[in-house]
Amino acid sequence: MKIDAISVFPEMFDSLNQSLIGKAIENELIEFQTLNPRQFTSDVHKTVDDSPYGGGAGMVMKPEPLGKALDSLVDSDSVIIFPSPAGKLFDQATAKDLATRQHLVFVCGRYEGIDQRVVEYASTKAETLELSIGDYVINGGEMASVVMIEAISRLIPGVIGNSDSLIEESHEDGLVEYPSYTKPASWNGLDVPEVLLSGNHAEIDKWRKLQQIDRTKKNRPDLI
């Protein structure tokens, strides 16, 4: 898979070079690069933002640099993603779908956001999505993109060494994941549940499913 990120702060994506995603990039399972829209400006200050029409606080990212950046990257096989608190909620099903695509382009807003015409223009070039990672606001699209890229990339075959580990994760069956334990069996007066030490896999599976249901009811009742 090829992934591009358009950002005025490309260094914010450095964390993707670590751990399993970093290895996947190194092993060429994923081709990742960033593109700074400032290189598509024509003024000496490399301006990428301006004041909003209609008034209001903050600045809005200009359409010209972002449009030219998209033109340099996008083809008919691309999926263009705009991280936005106004977008559709990004979830595991979306991650699974995007993990099957050939080319993803993340367009990262800053300041008060991106001129909406960039989204409209992008939709004439390729499939375009506005996606949110949750009901809160952060300073830009970079960290939201990193979250989505990691969630998507780990579903690409070969990125996670043991693919079976993906099956029992939170949200794979509509529930959150059961709690996990490791050695020692007793720590600070807290013991591992006896069923996990029993060796009875049928009872362990039953316990884990009940834990998933109870945990989902407690932490994510909206999923029930």
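Residues numbered from 1 in each chain as written. Predicted model: local features only at pLDDT ≥ 70, side-chain atom pairs only at ≥ 80, totals over all residues. Heavy atoms only, no water.

**Observations concerning the overall build of the protein**
Then, number 1: Check the secondary structure of the protein and you find 7 helices and 9 strands.
Then, number 2: Its C-alpha atoms give the protein principal-axis dimensions of roughly 70 × 40 × 35 Å.
Then, number 3: The proportion of buried residues among the 224 residues of the protein is 39%.
Then, number 4: Across the protein, contacts joining residues at least 24 apart in sequence account for 75% of those joining residues at least 6 apart.
Then, number 5: Only carbon and sulfur atoms are counted for the fraction: they give 50% of the accessible area of the protein, which is about 13,100 Å². (Helix = DSSP H or I, 4+ residues; strand = E, 2+ residues; numbered from the N terminus. Buried < 20%, exposed > 50% of the residue type's maximum accessible area, 1.4 Å probe, protein only. Contact = heavy atoms within 4.5 Å. Areas by Shrake-Rupley, 256 points an atom, 1.4 Å probe, with all protein chains shown as cover.)

**Section: the environment of Val146**
Then, number 1: Within the element layout of this structure, Val146 appears in helix α5 (residues 141-153).
Then, number 2: On the accessibility criterion, Val146 (11% relative accessible area) is buried.
Then, number 3: Separated by 128 residues in sequence, Val146 and Gln18 have C-alpha atoms that sit 12 Å apart.
Then, number 4: Discounting residues that sit within four places of it in the chain, Val146 has contacts with Met12, Phe13, Ser15 and Leu16.

**Overview of unusual backbone geometry**
Then, number 1: Pro184 follows Lys183 through a cis peptide bond whose omega is 5°.
Then, number 2: Even without a glycine there, the phi angle at Glu28 is positive, about 65°.
Then, number 3: Tracing the chain through its elements places Glu28 in the loop between α1 (19-26) and β2 (31-35).
Then, number 4: With a phi close to 50°, Asn188 is a non-glycine residue in the positive phi region.
Then, number 5: With respect to the secondary-structure elements, Asn188 resides in the loop between β8 (186-187) and β9 (190-191).
Then, number 6: The exposed category is assigned to Asn188, whose relative accessible area is 65%.

**Remarks on the environment of Ile160**
Then, number 1: Inspection of the secondary structure assignment puts Ile160 in the loop between α5 and β8.
Then, number 2: The buried category is assigned to Ile160, whose relative accessible area is 14%.

**Focus: the packing of aromatic side chains**
Then, number 1: One pass over the full model with this rule turns up 1 aromatic pair.
Then, number 2: Arranged with centres 5.8 Å apart and planes meeting at 45°, the rings of Phe13 and Phe32 form a pair that is tilted. A residue pair is termed long-range when its members are at least 10 positions apart, and Phe13 in the loop between β1 (2-6) and α1 and Phe32 in strand β2 qualify at 19 residues.
Then, number 3: The exposure class of Phe32 is buried, given its relative accessible area of 18%. (Phe/Tyr/Trp six-rings, centres within 6.5 Å; stacked < 30°, edge-to-face > 60°.)

**A short note on helix α4 (residues 116-125)**
Then, number 1: Along α4, the residues classified as buried are Val118, Val119 and Ala122. The buried residues of α4 occupy one face: seen down the axis, they fall within an arc of 100°. (Arc of directions from axis to C-beta.)

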